[in-house]
Structures are given as C-alpha cells and as structure tokens.
2 protein chains.
Amino acid sequence: MVYKIKFDQFFSYSFSMDCLIFGFSNGKIHILLVKRAMEPYGGYWAIPGDLVYPDEDLPNAAERILEELTELKNVALRQGGVFGKPNRHPQGRVITNAYLAMVRMNETNPQPSSWVEELRWVPVDEVEMLAFDHNEILTATYQRLKERFIHEPICFDMLPLKFTLNELQQLYEYAFGICIDKPNFRKRIKNLPLIELKERQENVKHRPATLYSFDWEKYKSLVSEGHFEFNMWL
Amino acid sequence: MVYKIKFDQFFSYSFSMDCLIFGFSNGKIHILLVKRAMEPYGGYWAIPGDLVYPDEDLPNAAERILEELTELKNVALRQGGVFGKPNRHPQGRVITNAYLAMVRMNETNPQPSSWVEELRWVPVDEVEMLAFDHNEILTATYQRLKERFIHEPICFDMLPLKFTLNELQQLYEYAFGICIDKPNFRKRIKNLPLIELKERQENVKHRPATLYSFDWEKYKSLVSEGHFEFNMWL
DNA sequence: CAGCGTTGTGGTATTAAATACAATAAGTAT
DNA sequence: ATACTTATTGTATTTAATACCACAACGCTG
C-alpha cells in the first residue's frame, strides 16, 4: 500500500509535554493534577501539560511548562513514554511525551497559574476521569515509576529529607501492595547508604522514631567505584 | 517570559519512528542498519526510520516503516525513548520515537526496500558515524535494552528457537562484559521455565550440547498466578 | 579402538543473605 | 509507677549465591 502525501502534510503535527509529579504523604502516593480553565476539556482535571515551542528542546519544554502551570521550579524531570493516538486531541494531531518527577510534598507548594484554574494532589488510586487520554498516561507512567522504585533510589526524592524507617517502609508497602515484617525490613536496608541522624520525631504520641537521611554522596561513590547496586526486592 | 505564537506555528512539526532491531550472532549483539539513498544524509548509514502518517497510530507506524524499508514483518516492536532536539533534522522540527525489537538473526532476512540502498547487521560496539543523531539514539536504546535483559526474558527473542545453554551464557556475558562460571550459571537458570529438548547440536567438532527452548506458556502462567519474577543477576 | 582435547554436566563445601518469629527497650499518657 | 504504643535487637531456620573440583560424553586423530 503506497500513500501519496504532500510534504506539508507531514509537517502539520504538534507536540506536547505532560508532567507527572508524584509525591508521598499520609502513607499514599499522590499525583499533582490541574483543573483546566480552557478548551478543550475546559473544567476537566488533567495532568499539567502544554505544547512545545518550535525551537525548544524537550527537557527545557517540560521544565517551562511545569513552571508556567504550577510555579514549580528545579524539579528533576525524567522522560517517560510517548502517547500519540491520532484522535487523542480534538484540535489536531498532537503527540505527547510524559515527563515524570518525584517531589517532597511537604516542601512543594504548587500554585495554579496561566490557564490552570485549580490544582490538587490526588492519591494515585483515587484518580477519576481525566481530560484527553490522561488516565492511560497516568496508569502507564505510574507502572513504570514503580518498576524504577526497585532498582533506583528514587523513592528518597519523595520522602522528607529527614524520614523515619517506617515511612520508607510504608512507601514501599503502598507502592507494591504488600506487608513487610518490620525487623526484617530494617535488616535489608542496612546496606543502603543511610545517615542515621541524632534527631528524632517530635510531637508524636508515642516513642519518637530516629530520623534518617539518604546519603547521596556516598551512594554515588559506591556506584561509581565498586559493584554496589541499589536493589529493593530482587 | 511569555511567548506569542500563532496557532499554526504549533502545528508545524513532524514525527518519525526509528526502529532499532537487535540480533545475536557469533557471540555478539548486532543492530540492523540501512544505507540512505536519499537526502538528507544520502549515503550515510542510519537506523531504519521514517515519518509517521497523519492518521496513523504509533505502533502501526513503526511496523509499517520497518516493513517498507526492510521487508520485515511480525516483529514485536516496543516503545523506547523520544529524541527531539530542535535541529536534529535539517528539514524542520522532527521529533522521533525509538522503537526496539529483538529478532532471531538466523530466521530473519531483511531486504533493502523503498529508499534503502543497502542494509547490514553491525555489532553494537563496532558502529561508526551514523546519520542525524542516530548514534545517540542507539547508545541510549542499547543501554535500556541491557537493563531490560536483567528483569525480562527478552533475550530469548534473539536466541534461536532451539539454543544451547552456552549460547544463553555467551549472550549475557557479551551484554554485561563479564565472565560467568559455567556450572553455577546452569544452576541459577534451573528455575527458569526452559524446555529441555530431546535434540542435540549437529555438525559440531565436539560433544554436541543439548538444545533448549524457552517455555513462554509456562512463563506467563507462572507470572500471572504466583510470585515468579524473572531475574538474571540481582 | 585407545587416548587426547573439548565441551557438557554433576557434585560439594563455604559463604552470605532472606525469612519467620520472639523478645526487649524506649518513649508517651494517665 | 503502670499500661500502652512503637521502635529496635536477637536468634534460629531456611534458602540461595559462590567458588571450585571432578567426571562424563562426544568428536577427532593416529
């Protein structure tokens, strides 16, 4: 089957970025959603995203768009999948690229901006109907996020800088829907480059837990020099 | 910073697919390259790829393009990364999406077609200067391929349907640049759903090795029902 | 067909890690 | 002090990874 298409017809697409920002709070992984104040899909909740400019590199576009819509800066965005069904966007052929990031919700204060009317953190398993094919994008991206959880220390990007071992455990338990024996969990992670702080929890109604930080310096040197591999459950 | 851009300017991009076909032969992982008989980059070696049609879904486009250029059909292509530097294509803004697949080289007979002048399997570590940003695309995609090797049984897509355990071992040794103890290797893989065939190698100058197949049926049922996880080296 | 070289296969002893489960210590609230 | 909640340590058992040795099976050569 041979198609005859004019050159111009090939150069008629648009390209967008969708930024999936994940955070952890109250034992649940959340995603940042925005309410669209603009057609198409005005009034719908959506993943923050917009079109890429003609002379803009993709990583820069993702950063710019995220900041324009939510005022978030200095977020380490990573590339995810591509979604390009011909009719996914009512205004034309728009192929979109998911970019994802993990942030500390307690230190992150997104504000609705540009065409965003409202903005909200929603637990990933409570997300309802979204604009465009954003449900599909979320599902696929969250799946990949969880896979990365196993072999990259990215979960520490969503935990507070000072966290308890229980918070770390809860994060993994939520992500993978499992229960872990507490004493054994602590033994497994004793290989990780964690810094045990002198501080403890405050304002809790029980024995305060010791706070820890992830030692990124040590982690990098371990990886670069020796044969250290981050691994949470084979 | 606020840009003012007309609607039309946003719908002026093009989108392409690049198909990275990997195979294994003589102890080396190869990639299928094509020689371009067309501008731009006429005469250069490149990853087979072309523009997506306006009404075409991405997976279909990848299949069509691969077939048009190499006459390969029924290849299980998977999505890889996106590459979209503003000036990566001399004719305009073309964002490209890598699709990758593993094939059995002994059963695969690609033929140059359409604008492809010539076609060649090249070991991944012997690839030289390619068209566009294809070296970058290859490096990034091969890297991801190797990561998948660890936790997905995709290596069996590039081995012959009937393979020896030594071939399997060689593949992993090449990919990760390591040496593995043969007896131990065989012990590790004894958990895998392999079918030990009644057949043996033929026309070899030494004791013929037993041939094996990967049991995809059993693999699927193991994964779906129980807690089986494919894992080659933590 | 004996003996050599090559490759495949089986075994063991050692080490390290994952698991299950019990017990203790350290705080808070009354 | 006492009860109660949560954090932390300990042990015994099982399981898997590793290193290394020995042997078996086959083709080839003389």
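All values reported here derive from a predicted model rather than from experimental measurement.

Asker: Provide a residue-level description of the interface of chain B and chain A, including the pertinent values.
Answerer: Between chain B and chain A, the contact holds 38 residues from the first and 39 residues from the second. Looking at the side of chain B facing chain A, the largest losses of area belong to Phe-11, Tyr-13 and Pro-54 of chain B, adding up to 20% of the total buried there. In this structure, the connection of chain B to chain A is made through 0 salt bridges. At the surface where chain B touches chain A, the tally comes to 14 residue pairs in polar contact (both at pLDDT 80 or more).

Asker: Before we move on, could you go through the protein's contact with DNA strand D and cite the residues and values that matter?
Answerer: Near DNA strand D, the surroundings consist of 20 residues, among which Lys-182, Arg-186, Lys-187 and Thr-210 of chain A together with Asn-184 of chain B are the closest. The contact in question runs from a base nitrogen of DNA strand D to an N or O atom on the side chain of Asn-184 of chain B, over 2.6 Å. The contact in question runs from a phosphate oxygen of DNA strand D to an N or O atom on the side chain of Arg-188 of chain B, over 2.7 Å. At the level of secondary structure, the elements contributing two or more residues to the surface near DNA strand D comprise α5 (182-188) of chain A together with α5 (182-188) of chain B. A breakdown of the residues in the surface near DNA strand D according to their chemical character gives 5 nonpolar, 5 polar and 10 charged.

Asker: Talk me through the relation of the copies chain B and chain A; I want residue IDs and the actual numbers.
Answerer: Placing chain B over chain A gives an RMSD of 0.1 Å and needs a rotation angle of 180°, together with 0.1 Å of translation along the axis. Here the transformation between the copies is reduced to the relation of a two-fold axis. With an isologous cut-off of 70% or more, the 100% of interface residues of chain B that recur at the interface of chain A puts this contact in the isologous class.

Asker: Provide a residue-level description of unusual backbone geometry, including the pertinent values.
Answerer: The amide bond that connects Glu-39 of chain A to the next residue, Pro-40 of chain A, takes the cis arrangement and shows omega of -5°. Relative to the helices and strands, Pro-40 of chain A resides in the loop between β2 (28-36) and β3 (45-46). The phi dihedral of Tyr-41 of chain A falls on the positive side, at around 60°, and the residue is not glycine. With respect to the element layout, Tyr-41 of chain A can be found in the loop between β2 and β3. Here Asn-26 of chain B, not a glycine, exhibits a phi torsion of approximately 50°, which is positive.

Asker: If you had to explain the environment of Asn-109 of chain A to someone new, which residues and values would you point to?
Answerer: Residues and elements named next belong to chain A. Mapped onto the fold, Asn-109 is located in the loop between β6 (94-102) and β7 (116-123). Look at Asn-109 and you get exposed, because its relative accessible area is 60%. Distance in space between the C-alpha atoms of Asn-109 and Met-129 is 24 Å, their sequence separation being 20 residues.

Asker: Go over the packing of aromatic side chains, please, and point to the residues and values.
Answerer: Counted by the stated rule, this structure contains 25 aromatic pairs over all chains. Centroid distance Tyr-172 of chain A to Phe-176 of chain A: 6.1 Å. Interplanar angle 15°. Geometry classified as stacked. Here Tyr-172 of chain A pairs with Phe-176 of chain A, and both are found in helix α4 (residues 165-176), just 4 residues apart, close to one helical turn. Following the ring pairs from residue to residue traces out a cluster consisting of Phe-156, Phe-163, Phe-214, Trp-216, Tyr-219, Phe-228 and Phe-230 of chain A. The residue whose ring lies beneath Arg-120 of chain A is Trp-45 of chain A, and the NZ or CZ to ring-centre distance is 4.5 Å. A cation over an aromatic ring shows up here: Arg-36 of chain B above the ring of Trp-115 of chain B, its NZ or CZ 4.8 Å from the ring centre.

Asker: Can you tell me about the pattern of salt bridges, naming the residues and giving the values?
Answerer: Within this structure, the stated rule accounts for 20 salt bridges over all chains. Here Asp-133 of chain A and Arg-88 of chain A are joined by a salt bridge, their closest N and O atoms 2.8 Å apart. A residue pair is termed long-range when its members are at least 10 positions apart, and Asp-133 of chain A in the loop between β7 and α3 (134-151) and Arg-88 of chain A in the loop between β5 (78-83) and β6 qualify at 45 residues. The same class applies to Asp-133 of chain A as to Arg-88 of chain A, namely buried. Among the salt bridges present, the one from Arg-64 of chain B reaches Glu-68 of chain B, with a minimum N-O distance of 3.2 Å. One end of the pair is Arg-64 of chain B and the other is Glu-68 of chain B, both in helix α2 (residues 58-70) and 4 residues apart, which spans about a single turn. By relative accessible area, which is 13% here, Arg-64 of chain B ends up buried. Via salt bridges that share partners, Glu-56, Arg-64 and Glu-68 of chain A belong to a single interconnected network.

What counts, and where the lines are drawn
- Residues numbered from 1 in each chain as written.
- Chains lettered and ligands numbered in written order.
- Predicted model: local features only at pLDDT ≥ 70, side-chain atom pairs only at ≥ 80, totals over all residues.
- Heavy atoms only, no water.
- Contact = heavy atoms within 4.5 Å.
- Buried area = accessible area lost by both parts, 1.4 Å probe.
- Salt bridge = Lys/Arg side-chain N within 4 Å of Asp/Glu carboxyl O.
- Polar contact = N/O pair within 3.5 Å; in protein donor to acceptor, adjacent residues only side chain to side chain.
- Near = heavy atom within 4 Å.
- Helix = DSSP H or I, 4+ residues; strand = E, 2+ residues; numbered from the N terminus.
- Nonpolar A, V, L, I, M, F, W, Y, C, P; charged D, E, K, R; others polar.
- Least-squares fit on C-alpha atoms with pLDDT ≥ 70 in both.
- Buried < 20%, exposed > 50% of the residue type's maximum accessible area, 1.4 Å probe, protein only.
- Phe/Tyr/Trp six-rings, centres within 6.5 Å; stacked < 30°, edge-to-face > 60°.
- Lys NZ or Arg CZ within 6 Å of the ring centre and 35° of its normal.

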